[in-house]
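Here is how the chains run, residue by residue.
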Amino acid sequence: MEVKRMATPGKTKALYFIGKFMFSLFVGIEMYYFSAYLTDAALLPVAIVGLVLNIPSVVDLIFSFLNGAILEKLHLPFGKYRFWLYVGPVIATITYALCFVRLDDDWHCGLMIIISLIVAHFVWSMAETAYNALPTLVTDDVAERSSLSMLFGTAANWSGALIGLIVMPVISAFNGMTNSTTMGYMLFVIVSGILYIIAFVLLGMNIKEAEAADAAQKLASGGAQAAKGPSVKAMISNVTKNGPLICILFYNLFFFTGIFTQSLTMFYYFQYTLGALALMGITMTLRSVATMVTTFIYPIAMKLFKGNKKNVMIFAGVVNIVYMLAMWALRPGPVVFIVCTMISAVIGGISNMPAIAIYGDCASYGEWKTGVDCKAFVMSLYNVPVKVGLLVKGVIVAAILGIIKYDATITDPVILESYATGFNNGYMLLGAVVGIISLLILIFGYHLNEEKVAQCVAETEARKRGQAQE
């Protein structure tokens, strides 16, 4: 039996890239502007802002442990992957748009945002879970998975360029057209949501044959029980007996906590520490343009480190940490900050490019270790540290705002300087500390290399052949 490979690699790769790009654009407001929307556009009290940032994240975290099991066990029209690719973006767009409707009463408004965000997070997380599992569905080839992983990271990076370039200008234009400070956010969500829906529907249509073949293969090798999906016990075993997976989950926990905390405090860092809020959009664009160069550097880095994804991530992580510590200590002006950010982004942007491929490696290792195919479940766990990071991010940002007694209406220069120092510590110093912890976990905890993965895939395929012949 040959190693499974993509039937239409060019088309699949293009649609995989576009899907991630559109999804990242769709959720870009929450990543970069949601806290600022709540405090400076909707003008909600800090106490309500804290609840809005934290309650949906707690619920989202709970569901993140269940998303993979739901995907594996729930049999729905169009197949377990395509159903969520088709339906998830539609519901997510509707409910996410409601988060940016400003009701007159502060508490009623906060409650509506919390409920809408919980629903939006669940359905787009299910769609994202299906999306993240696609590399293991369409191919078992390590090189092809690595290529899809690079596209995953590239799309996330490149979407940042468009976010920085168009989000605030488009929101401002919509606000002007509607004579509102909040409607622009909702209209942007609707427009980006339509693009997100189209991208995921096209991707779902592309993987139809691969999903059917996967179901047929499971039926042939494991019978009706295997076709129904793995048991809960088997899914848990694929985690508890999978040391590399446990390590990468903790690594990503700290990695995403740092990323999300910075994304949510970026608005305040530019406004108070740099004193150049107008440059935030252009900086995001320039940084993302720099990460476009990363797309061409990543293959070179992989060759330099002989295909070792772990060492590539360590190298990029060190660059990011040095950059953050330097910016924290020197606290440069806007021009120097932008130049240093672009230089760091060229190398540091590599950090998350191997992520999906590494989870694919862990999924193959888990199947080899336990004898049970739980790839969709293992791939879904990529979202767990993301959701934990979002929760911790909300707690951290709310704590920062509370500690410095943030008030958007303050004009006292002394208090404004304390804001500048507080957001410098929260944005740069805290980011560096979290980055160091994540690297230590990766360096000392992750030991699965590419040769071992290839061995696991070969031995698993041989085992399946034997089962099919019995």
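Just so we're clear, the structure is a prediction, and the values are computed from it rather than from any experiment.

### Thoughts on the overall build of the chain
(1) Moving on: Each helix and strand in the chain was counted, giving 20 helices and 0 strands.
(2) Moving on: By the compact-globule yardstick of 23 Å for 470 residues, the chain fits well, its C-alpha radius of gyration being 22 Å.
(3) Moving on: With respect to the principal axes defined by its C-alpha atoms, the chain has extents near 80 × 45 × 35 Å.
(4) Moving on: Within the chain, the proportion of its 470 residues that are buried is 56%.
(5) Moving on: In the chain, the share of contacts with a sequence separation of at least 24, taken over all contacts with a separation of at least 6, comes to 84%.
(6) Moving on: On the chain, roughly 18,500 Å² of surface is accessible, and the fraction owed to carbon and sulfur atoms is 73%.
(7) Moving on: Charge separation in the chain, taken as the distance between the mean sites of 30 positive and 26 negative side-chain charges, equals 7 Å.

### Comments concerning the environment of isoleucine 18
(1) Moving on: Counting through the fold element by element, isoleucine 18 comes out in helix α1 (residues 9–26).
(2) Moving on: For isoleucine 18, a relative accessible area of 36% translates into the label partly exposed.
(3) Moving on: Residues isoleucine 18 and alanine 156, 138 residues apart in the sequence, show an inter-C-alpha distance of 10.0 Å.

### Observations concerning empty space enclosed by the protein
(1) Moving on: A full pass over the atoms with the stated rule returns 4 cavities of 30 Å³ or more.
(2) Moving on: Size it by volume and the second largest cavity reaches roughly 50 Å³.
(3) Moving on: Considering each element in turn, the lining of the second largest cavity owes the most residues, 5 residues, to helix α20 (residues 450–469).

### Regarding the nonpolar core
(1) Moving on: Membership of the largest hydrophobic core comes to 141 residues, with the highest contact counts inside it found for Ile29, Tyr96, Phe100 and Ile248.
(2) Moving on: Aside from chain neighbours lying at most four places away, what touches phenylalanine 100 is Ile29, Phe34, Tyr37, Thr182, Tyr185, Met186 and Val189.

### Remarks on a nonpolar patch on the surface
(1) Moving on: Taken together, the side chains of Ile190, Val191, Ile194, Leu195, Ile198, Leu202 and Met205 present a nonpolar region at the surface, about 590 Å² in accessible area.
(2) Moving on: A relative accessible area of 46% places isoleucine 194 in the partly exposed class.

### Side note on the layout of surface pockets
(1) Moving on: Looking at the largest pocket, its volume works out to about 520 Å³.
(2) Moving on: Forming the boundary of the largest pocket are 32 residues, of which Lys4, Leu137, Val138, Ala210 and Ala213 lie nearest the centre.
(3) Moving on: Elements represented by at least two residues in the lining of the largest pocket include exactly α1, α7 (106–138), α9 (183–206), α10 (208–227), α17 (375–380) and α20.
(4) Moving on: Broken down by element, the lining of the largest pocket gets its largest block of residues, 7 residues, from α10.
(5) Moving on: Taken together, the residues that form the lining of the largest pocket break down as 12 nonpolar, 5 polar and 15 charged.

### Description of the packing of aromatic side chains
(1) Moving on: Inspection of every chain in the model, using the stated rule, returns 42 aromatic pairs.
(2) Moving on: Here the aromatic rings of tyrosine 37 and phenylalanine 100 are separated by 4.9 Å at their centres, their planes lie at 70°, and the arrangement is edge-to-face. Highlighted residues: tyrosine 37 in helix α3 (residues 34–41) and phenylalanine 100 in the loop between α6 (82–98) and α7, separated in sequence by 63 residues. Phenylalanine 100 carries the same exposure label as tyrosine 37, and that label is buried.
(3) Moving on: Judged by centre distance (5.4 Å) and plane angle (90°), the ring pair of phenylalanine 267 and tyrosine 268 falls under edge-to-face.

### Some remarks on the state of the cysteines
(1) Moving on: Throughout the structure, instances matching the rule amount to 0 disulfides.
(2) Moving on: With no disulfide of its own, cysteine 99 lies 9.6 Å from the sulfur of cysteine 109, the closest cysteine sulfur.

### Overview of the packing of helix α8 (residues 142–178) against helix α13 (residues 280–304)
Two measures define how a pair of helices packs: the angle their axes make with one another and the distance between the axes.
(1) Moving on: The geometry of α8 relative to α13 is characterised by a closest axis approach of 6 Å and an angle of 165° between their N-to-C directions. As judged from the angle between their axes, α8 and α13 are roughly antiparallel. For the pair α8 and α13, the sense of crossing is left-handed. Only Gly281, Ile282, Met284, Thr285, Ser288, Val289, Thr291, Met292, Thr295, Tyr298, Pro299 and Met302 of α13 make contact with α8, whose side of the interface consists of Ser146, Met150, Thr154, Asn157, Trp158, Gly160, Ala161, Ile163, Gly164 and Leu165.
(2) Moving on: For the contact of α8 with α13, a count of residues per class yields 12 nonpolar, 10 polar and no charged.

Reading the values: rules and limits
- Residues numbered from 1 in each chain as written.
- Predicted model: local features only at pLDDT ≥ 70, side-chain atom pairs only at ≥ 80, totals over all residues.
- Heavy atoms only, no water.
- Helix = DSSP H or I, 4+ residues; strand = E, 2+ residues; numbered from the N terminus.
- Rg over C-alpha atoms; globule rule 2.2 N^0.38 Å.
- Buried < 20%, exposed > 50% of the residue type's maximum accessible area, 1.4 Å probe, protein only.
- Contact = heavy atoms within 4.5 Å.
- Areas by Shrake-Rupley, 256 points an atom, 1.4 Å probe, with all protein chains shown as cover.
- Lys, Arg positive; Asp, Glu negative; His and termini not counted.
- Charge placed at Lys NZ, Arg CZ, Asp CG, Glu CD.
- 1 Å grid on protein atoms, 1.4 Å probe; cavity = no way out; pocket = protein on both sides within 12 Å on 5 of 7 lines; lining within 4 Å.
- Points joined across faces, edges and corners; volume = space filled by probe spheres on them.
- Core = buried A, V, L, I, M, F, W, Y, C linked by side-chain atoms within 4.5 Å.
- Patch = residues over 30% accessible without salt bridge, like charges linked within 9 Å, V, L, I, M, F, W, Y side chains within 5 Å.
- Salt bridge = Lys/Arg side-chain N within 4 Å of Asp/Glu carboxyl O.
- Nonpolar A, V, L, I, M, F, W, Y, C, P; charged D, E, K, R; others polar.
- Phe/Tyr/Trp six-rings, centres within 6.5 Å; stacked < 30°, edge-to-face > 60°.
- Disulfide = S-S within 2.5 Å.
- Axes fitted to C-alpha atoms, helices over the stretch in contact; angles between N-to-C directions.
- Parallel < 35°, antiparallel > 145°, perpendicular 65-115°, else oblique.
- Left-handed = near helix turned anticlockwise from the far one by under 90°.

Functional significance is not addressed by these values, which are geometric in nature.
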